[in-house]
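Descriptive structure summary
Spelled out from the first residue to the last, the chains are:
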Amino acid sequence: MKRAPGRGRLSTIVGIALLAVMLFPVYWMVNASLQPAGNTLQGGWFPSHPDLSGYLTALRDQGSNLVTSLVVSLGSVVLSLGLAAPAAYALAHFPLRGTNLVVFGILITQMVPSIVVANALYGAYNDLGLLNSYAGLILADSTAGVPFAIIIMRSFMRSIPREIIEAARVDGAGRLRVFASVVLPMSTNALITAAVFTFLFTWSDFLFALTLTTTDTVRPITLGIYQYVGAHTNQWNAVMATTVIASIPAAVLLVVAQRHVAAGATRGGSASDLADSRDVPLQGR
(Lines give C-alpha, C1' and ligand atoms only; values in the text may rest on other atoms or scores of the structure.)
Protein backbone atom coordinates (compact mmCIF):
# COMPACT_ATOMS: atom_id res chain seq x y z
CA MET A 1 0.00 0.00 0.00
CA LYS A 2 1.56 3.27 -1.11
CA ARG A 3 1.67 6.21 1.26
CA ALA A 4 -0.05 9.38 0.04
CA PRO A 5 2.47 12.03 -1.16
CA GLY A 6 0.86 14.68 1.04
CA ARG A 7 1.22 12.57 4.17
CA GLY A 8 4.89 11.87 3.40
CA ARG A 9 5.65 15.58 3.01
CA LEU A 10 3.80 16.35 6.24
CA SER A 11 5.83 13.74 8.12
CA THR A 12 9.04 15.22 6.70
CA ILE A 13 8.05 18.74 7.74
CA VAL A 14 7.12 17.61 11.25
CA GLY A 15 10.39 15.69 11.56
CA ILE A 16 12.43 18.71 10.45
CA ALA A 17 10.55 20.95 12.88
CA LEU A 18 11.16 18.60 15.81
CA LEU A 19 14.84 18.27 14.87
CA ALA A 20 15.17 22.06 14.71
CA VAL A 21 13.62 22.42 18.17
CA MET A 22 15.96 19.82 19.66
CA LEU A 23 19.08 21.27 18.00
CA PHE A 24 18.29 24.91 18.75
CA PRO A 25 20.05 24.85 22.18
CA VAL A 26 23.17 23.52 20.46
CA TYR A 27 22.98 26.23 17.82
CA TRP A 28 22.49 28.94 20.44
CA MET A 29 25.43 27.60 22.45
CA VAL A 30 27.72 27.85 19.41
CA ASN A 31 26.29 31.23 18.45
CA ALA A 32 26.80 32.65 21.96
CA SER A 33 30.37 31.34 22.06
CA LEU A 34 31.19 33.47 18.99
CA GLN A 35 29.72 36.69 20.41
CA PRO A 36 31.78 39.39 22.16
CA ALA A 37 31.96 39.22 25.95
CA GLY A 38 28.75 40.30 27.62
CA ASN A 39 25.15 39.26 28.05
CA THR A 40 24.19 36.60 25.52
CA LEU A 41 20.65 38.03 25.38
CA GLN A 42 22.11 41.05 23.59
CA GLY A 43 23.70 38.94 20.89
CA GLY A 44 22.26 38.49 17.42
CA TRP A 45 20.73 35.39 15.93
CA PHE A 46 23.80 34.93 13.79
CA PRO A 47 27.42 35.90 14.60
CA SER A 48 28.03 38.31 11.72
CA HIS A 49 31.43 39.18 13.19
CA PRO A 50 32.64 36.02 14.97
CA ASP A 51 34.77 36.67 18.03
CA LEU A 52 37.09 33.84 19.10
CA SER A 53 38.18 35.51 22.32
CA GLY A 54 35.79 33.29 24.27
CA TYR A 55 37.60 30.17 23.06
CA LEU A 56 40.98 31.62 23.96
CA THR A 57 39.72 32.44 27.44
CA ALA A 58 38.14 28.98 27.79
CA LEU A 59 41.33 27.17 26.80
CA ARG A 60 43.35 29.33 29.18
CA ASP A 61 41.04 28.85 32.16
CA GLN A 62 39.70 25.34 31.52
CA GLY A 63 42.47 23.60 29.61
CA SER A 64 43.74 21.70 32.65
CA ASN A 65 40.18 20.66 33.53
CA LEU A 66 39.71 19.22 30.06
CA VAL A 67 42.89 17.18 30.48
CA THR A 68 41.65 15.97 33.88
CA SER A 69 38.34 14.81 32.39
CA LEU A 70 40.16 13.04 29.55
CA VAL A 71 42.50 11.21 31.93
CA VAL A 72 39.69 10.19 34.28
CA SER A 73 37.40 9.09 31.43
CA LEU A 74 40.04 6.97 29.72
CA GLY A 75 41.14 5.50 33.03
CA SER A 76 37.56 4.60 33.89
CA VAL A 77 37.11 2.92 30.49
CA VAL A 78 40.27 0.83 30.92
CA LEU A 79 39.39 -0.22 34.47
CA SER A 80 35.75 -0.94 33.68
CA LEU A 81 36.52 -3.10 30.64
CA GLY A 82 39.40 -4.81 32.41
CA LEU A 83 37.07 -5.94 35.19
CA ALA A 84 33.87 -6.40 33.20
CA ALA A 85 35.15 -8.42 30.23
CA PRO A 86 36.37 -11.50 32.17
CA ALA A 87 33.37 -11.25 34.52
CA ALA A 88 30.96 -11.20 31.58
CA TYR A 89 32.73 -14.18 29.98
CA ALA A 90 32.51 -16.18 33.20
CA LEU A 91 28.83 -15.37 33.66
CA ALA A 92 28.09 -16.23 30.03
CA HIS A 93 29.99 -19.52 29.58
CA PHE A 94 31.15 -20.94 32.91
CA PRO A 95 28.89 -23.52 34.58
CA LEU A 96 28.50 -21.48 37.76
CA ARG A 97 25.69 -21.77 40.28
CA GLY A 98 23.64 -18.70 41.01
CA THR A 99 24.54 -16.91 37.78
CA ASN A 100 21.08 -15.42 37.43
CA LEU A 101 21.23 -14.20 41.02
CA VAL A 102 24.57 -12.52 40.36
CA VAL A 103 23.22 -10.82 37.24
CA PHE A 104 20.18 -9.68 39.22
CA GLY A 105 22.50 -8.22 41.85
CA ILE A 106 24.40 -6.35 39.14
CA LEU A 107 21.12 -4.91 37.87
CA ILE A 108 20.20 -3.85 41.39
CA THR A 109 23.42 -1.86 41.70
CA GLN A 110 22.28 0.23 38.72
CA MET A 111 19.24 1.30 40.73
CA VAL A 112 21.20 2.73 43.67
CA PRO A 113 21.14 6.56 43.51
CA SER A 114 24.54 8.03 42.72
CA ILE A 115 24.34 10.41 45.67
CA VAL A 116 24.21 7.41 48.03
CA VAL A 117 27.34 5.95 46.43
CA ALA A 118 29.08 9.34 46.47
CA ASN A 119 28.38 9.92 50.16
CA ALA A 120 29.60 6.42 51.05
CA LEU A 121 32.75 6.88 49.00
CA TYR A 122 33.50 10.26 50.57
CA GLY A 123 33.97 8.74 54.02
CA ALA A 124 36.08 5.88 52.67
CA TYR A 125 38.16 8.19 50.48
CA ASN A 126 38.79 10.54 53.39
CA ASP A 127 40.27 7.66 55.40
CA LEU A 128 42.27 6.28 52.45
CA GLY A 129 43.55 9.63 51.19
CA LEU A 130 41.86 9.30 47.79
CA LEU A 131 40.04 12.63 47.83
CA ASN A 132 41.18 15.03 45.11
CA SER A 133 42.95 12.29 43.17
CA TYR A 134 42.72 10.81 39.69
CA ALA A 135 42.56 7.30 41.11
CA GLY A 136 39.64 8.23 43.35
CA LEU A 137 37.55 9.63 40.50
CA ILE A 138 38.40 6.70 38.22
CA LEU A 139 37.30 4.21 40.87
CA ALA A 140 34.11 6.17 41.59
CA ASP A 141 33.08 6.45 37.95
CA SER A 142 33.86 2.78 37.42
CA THR A 143 31.17 1.87 39.96
CA ALA A 144 28.68 2.73 37.22
CA GLY A 145 30.79 1.62 34.25
CA VAL A 146 31.55 -1.93 35.42
CA PRO A 147 27.94 -3.13 35.97
CA PHE A 148 26.77 -1.63 32.69
CA ALA A 149 29.69 -3.16 30.78
CA ILE A 150 29.05 -6.59 32.33
CA ILE A 151 25.40 -6.52 31.28
CA ILE A 152 26.22 -5.44 27.70
CA MET A 153 29.09 -7.88 27.17
CA ARG A 154 27.45 -10.87 28.87
CA SER A 155 24.45 -10.56 26.59
CA PHE A 156 26.75 -10.42 23.56
CA MET A 157 29.04 -13.25 24.69
CA ARG A 158 26.11 -15.58 25.30
CA SER A 159 25.39 -15.44 21.57
CA ILE A 160 28.82 -16.90 20.77
CA PRO A 161 28.23 -20.58 19.89
CA ARG A 162 29.60 -22.90 22.53
CA GLU A 163 30.94 -25.11 19.74
CA ILE A 164 33.50 -22.42 18.85
CA ILE A 165 34.83 -22.38 22.40
CA GLU A 166 34.85 -26.15 22.67
CA ALA A 167 36.74 -26.43 19.36
CA ALA A 168 39.38 -24.06 20.69
CA ARG A 169 39.71 -26.13 23.86
CA VAL A 170 40.13 -29.30 21.77
CA ASP A 171 42.94 -27.56 19.85
CA GLY A 172 44.79 -27.19 23.13
CA ALA A 173 43.88 -23.66 24.19
CA GLY A 174 43.35 -22.97 27.87
CA ARG A 175 40.54 -20.84 29.23
CA LEU A 176 42.69 -17.72 29.21
CA ARG A 177 43.79 -18.35 25.62
CA VAL A 178 40.21 -18.92 24.50
CA PHE A 179 39.12 -15.71 26.20
CA ALA A 180 41.91 -13.62 24.68
CA SER A 181 42.06 -15.15 21.19
CA VAL A 182 38.44 -16.11 20.48
CA VAL A 183 35.95 -14.42 22.78
CA LEU A 184 37.41 -10.92 22.87
CA PRO A 185 37.95 -10.61 19.08
CA MET A 186 34.39 -11.78 18.48
CA SER A 187 33.08 -9.31 21.08
CA THR A 188 34.65 -6.19 19.57
CA ASN A 189 31.31 -4.47 19.02
CA ALA A 190 30.22 -5.12 22.60
CA LEU A 191 33.56 -3.89 23.94
CA ILE A 192 33.32 -0.68 21.93
CA THR A 193 29.70 -0.17 23.02
CA ALA A 194 30.59 -0.57 26.69
CA ALA A 195 33.65 1.66 26.27
CA VAL A 196 31.66 4.43 24.57
CA PHE A 197 28.93 4.56 27.20
CA THR A 198 31.42 4.35 30.06
CA PHE A 199 33.41 7.22 28.54
CA LEU A 200 30.26 9.32 28.04
CA PHE A 201 29.09 8.73 31.61
CA THR A 202 32.48 9.61 33.07
CA TRP A 203 32.96 12.62 30.80
CA SER A 204 29.59 14.07 31.83
CA ASP A 205 29.80 13.10 35.51
CA PHE A 206 29.15 15.95 37.89
CA LEU A 207 28.04 14.36 41.15
CA PHE A 208 31.20 12.38 41.90
CA ALA A 209 33.35 15.32 40.82
CA LEU A 210 31.49 17.69 43.13
CA THR A 211 31.52 15.30 46.10
CA LEU A 212 35.00 13.80 45.87
CA THR A 213 37.05 16.86 44.89
CA THR A 214 37.43 19.76 47.29
CA THR A 215 40.41 21.61 45.79
CA ASP A 216 41.61 22.81 42.40
CA THR A 217 44.17 20.00 42.13
CA VAL A 218 41.88 17.59 40.26
CA ARG A 219 38.85 19.27 38.71
CA PRO A 220 36.92 17.72 35.78
CA ILE A 221 35.47 19.99 33.13
CA THR A 222 31.88 19.59 34.38
CA LEU A 223 32.83 20.99 37.75
CA GLY A 224 34.94 23.63 36.05
CA ILE A 225 31.94 24.85 34.04
CA TYR A 226 29.77 24.84 37.18
CA GLN A 227 32.24 27.01 39.07
CA TYR A 228 32.87 29.11 35.97
CA VAL A 229 29.28 30.31 35.91
CA GLY A 230 28.84 33.10 38.45
CA ALA A 231 25.83 35.19 39.29
CA HIS A 232 27.40 38.30 37.75
CA THR A 233 29.63 36.89 35.03
CA ASN A 234 30.19 39.01 31.94
CA GLN A 235 32.06 36.35 29.99
CA TRP A 236 29.22 34.21 28.74
CA ASN A 237 31.05 33.77 25.47
CA ALA A 238 33.84 31.99 27.37
CA VAL A 239 31.31 29.88 29.30
CA MET A 240 29.59 28.81 26.09
CA ALA A 241 32.92 28.24 24.37
CA THR A 242 33.90 25.92 27.20
CA THR A 243 30.69 23.91 26.77
CA VAL A 244 31.28 23.69 23.02
CA ILE A 245 34.83 22.42 23.53
CA ALA A 246 33.63 19.97 26.19
CA SER A 247 31.00 18.60 23.80
CA ILE A 248 33.42 17.89 20.96
CA PRO A 249 35.06 14.68 22.33
CA ALA A 250 31.68 13.06 23.07
CA ALA A 251 30.25 14.06 19.69
CA VAL A 252 33.29 12.80 17.77
CA LEU A 253 33.32 9.54 19.72
CA LEU A 254 29.66 8.86 18.96
CA VAL A 255 30.09 9.62 15.26
CA VAL A 256 33.16 7.38 14.94
CA ALA A 257 31.75 4.47 16.97
CA GLN A 258 28.08 4.60 16.00
CA ARG A 259 28.30 1.57 13.68
CA HIS A 260 29.91 -0.56 16.40
CA VAL A 261 27.48 0.70 19.04
CA ALA A 262 24.47 -0.20 16.90
CA ALA A 263 25.89 -3.66 16.19
CA GLY A 264 26.88 -4.26 19.81
CA ALA A 265 23.44 -3.35 21.08
CA THR A 266 21.40 -5.35 18.56
CA ARG A 267 23.19 -8.55 17.60
CA GLY A 268 25.61 -11.21 18.72
CA GLY A 269 28.44 -12.90 16.89
CA SER A 270 27.93 -12.65 13.16
CA ALA A 271 28.91 -15.18 10.56
CA SER A 272 31.93 -13.11 9.57
CA ASP A 273 33.04 -12.92 13.22
CA LEU A 274 32.82 -16.68 13.53
CA ALA A 275 34.72 -17.19 10.30
CA ASP A 276 37.46 -14.81 11.40
CA SER A 277 37.78 -16.54 14.75
CA ARG A 278 38.66 -19.83 13.05
CA ASP A 279 41.83 -18.26 11.67
CA VAL A 280 43.19 -17.37 15.12
CA PRO A 281 46.08 -19.63 16.19
CA LEU A 282 45.03 -21.45 19.34
CA GLN A 283 47.98 -23.68 20.11
CA GLY A 284 49.33 -23.37 23.60
CA ARG A 285 48.00 -21.46 26.55
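Here, residues in each chain are numbered from 1, in the same order as that chain's written sequence. For a predicted model such as this one, the threshold for reporting local features is a pLDDT of at least 70, and the threshold for listing and counting side-chain atom pairs is 80 or more; totals across whole chains, interfaces and linings nevertheless cover every residue. Excluding hydrogens and water, the side-chain values take into account all heavy atoms of the structure.

Observations concerning the overall build of the protein
Strands here mean DSSP runs of E at least two residues long; helices mean DSSP runs of H or I at least four residues long; both are numbered from the N terminus. A count of helical and extended segments in the protein gives twelve helices and zero strands. Mapped in sequence order, the helices and strands of the protein form the string α-α-α-α-α-α-α-α-α-α-α-α. Under the scheme applied here, a residue whose accessible area is under 20% of the maximum for its type counts as buried, over 50% as exposed, and between as partly exposed, the area being computed with a 1.4 Å probe on protein chains only. The buried share of the protein, reckoned over its 285 residues, is 42%. In the protein, the proportion of contacts linking residues at least 24 apart, taken out of those at least 6 apart, comes to 76%. Carbon together with sulfur atoms contributes 67% to the accessible area of the protein, which is approximately 16,000 Å² in total. By definition in these notes, contact holds between two residues if any of their heavy atoms fall within 4.5 Å. Calculation of accessible area relied on Shrake-Rupley with a 1.4 Å probe; when residues are assessed, cover is drawn exclusively from the protein chains displayed.

Considerations on a nonpolar patch on the surface
A cluster of nonpolar side chains, contributed by Leu-10, Val-14, Leu-18, Leu-19, Met-22, Leu-23, Val-26 and Val-30, occupies part of the molecular surface with about 720 Å² of accessible area. Within the element layout of this structure, Val-30 appears in helix H1 (residues 5–33). Assessed through its relative accessible area of 33%, Val-30 is described here as partly exposed. The patches described consist of residues with a relative accessible area above 30% and no salt bridge, like charges being joined within 9 Å and nonpolar side chains (Val, Leu, Ile, Met, Phe, Trp, Tyr) within 5 Å. Here, a salt bridge means any side-chain nitrogen of Lys or Arg that lies within 4 Å of a carboxyl oxygen of Asp or Glu.

Overview of unusual backbone geometry
In this model, Asn-132 sits at a positive phi of 60 degrees, which is unusual for a non-glycine residue. With respect to the helices and strands, Asn-132 occurs in the loop between helix H4 (114–128) and helix H5 (134–157). A relative accessible area of 18% means that Asn-132 is categorised as buried.

Re the pattern of salt bridges
The full count for this structure, using the stated rule, is two salt bridges. With its nearest N and O atoms 3.1 Å apart, the salt bridge here joins Asp-61 to Arg-60. For Asp-61, a relative accessible area of 32% corresponds to the partly exposed category.

Let's talk about the packing of helix H2 (residues 53–93) against helix H10 (residues 221–228)
Lines fitted to C-alpha atoms define the axes here, with helix axes fitted over just the stretch in contact, and angles between the N-to-C directions of these axes take values from 0 to 180 degrees. The interhelical angle for the contact between H2 and H10, taken along N-to-C directions, is 145 degrees, at an axis separation of 8 Å. Note on element contacts: H10 touches H2 through Ile-221, Gly-224, Ile-225 and Tyr-228, opposite Thr-57, Asp-61, Gln-62, Asn-65, Leu-66 and Ser-69. Considered class by class, the residues forming the contact of H2 with H10 number four nonpolar, five polar and one charged. Side-chain classes follow a simple rule in which Ala, Val, Leu, Ile, Met, Phe, Trp, Tyr, Cys and Pro form the nonpolar group, Asp, Glu, Lys and Arg form the charged group, and the remainder, Gly included, forms the polar group.

So, the side chain of Arg-154
As for its position among the elements, Arg-154 is in helix H5. The contacts of Arg-154, once residues within four sequence positions are left out, are Ala-88, Leu-91, Ala-92, Thr-99, Asn-100 and Val-103.

Concerning the side chain of Thr-202
Relative to the helices and strands, Thr-202 resides in helix H8 (residues 188–204). Among the polar contacts made by the side chain of Thr-202, one reaches the side chain of Ser-76 at a distance of 3.2 Å. Two N or O atoms count as a polar contact when they lie within 3.5 Å, although within protein this holds only if one can serve as hydrogen donor and the other as acceptor, and sequence-adjacent residues are included solely when both atoms are side-chain atoms. Within the structure, Thr-202 has its side chain in polar contact with the backbone oxygen of Thr-198 (distance 2.9 Å).

Examining the environment of Arg-219
On the secondary structure map, Arg-219 appears in the loop between helix H9 (207–212) and H10. Spatially, the C-alpha atoms of Arg-219 and Asn-65 are 5.5 Å apart, while their sequence positions differ by 154 residues. Beyond its immediate sequence surroundings of up to four residues, Arg-219 is in contact with Asn-65, Thr-68, Gly-224 and Gln-227. At 2.7 Å, the side chain of Arg-219 forms a polar contact with the side chain of Gln-227.

Remarks on the packing of H5 against H8
Where H5 contacts H8, the two axes come as close as 9 Å, and the packing angle between them is 160 degrees. It follows from the interaxial angle that H5 and H8 lie roughly antiparallel. Between H5 and H8 lies a crossing of right-handed hand. Residues Asp-141, Ala-144, Gly-145, Phe-148, Ala-149, Ile-152, Met-153 and Phe-156 of H5 form the contact with H8, whose participating residues are Asn-189, Ala-190, Leu-191, Thr-193, Ala-194, Phe-197, Thr-198, Phe-201 and Thr-202. The residue inventory of the contact of H5 with H8, partitioned by class, reads eleven nonpolar, five polar and one charged. In what follows, roughly perpendicular refers to angles from 65 to 115 degrees, roughly parallel to angles under 35, roughly antiparallel to angles over 145, and oblique to any angle outside these ranges. Crossings are sorted by hand: turned counterclockwise from the far helix by less than a right angle, the near helix makes the crossing left-handed, and turned clockwise it makes it right-handed.

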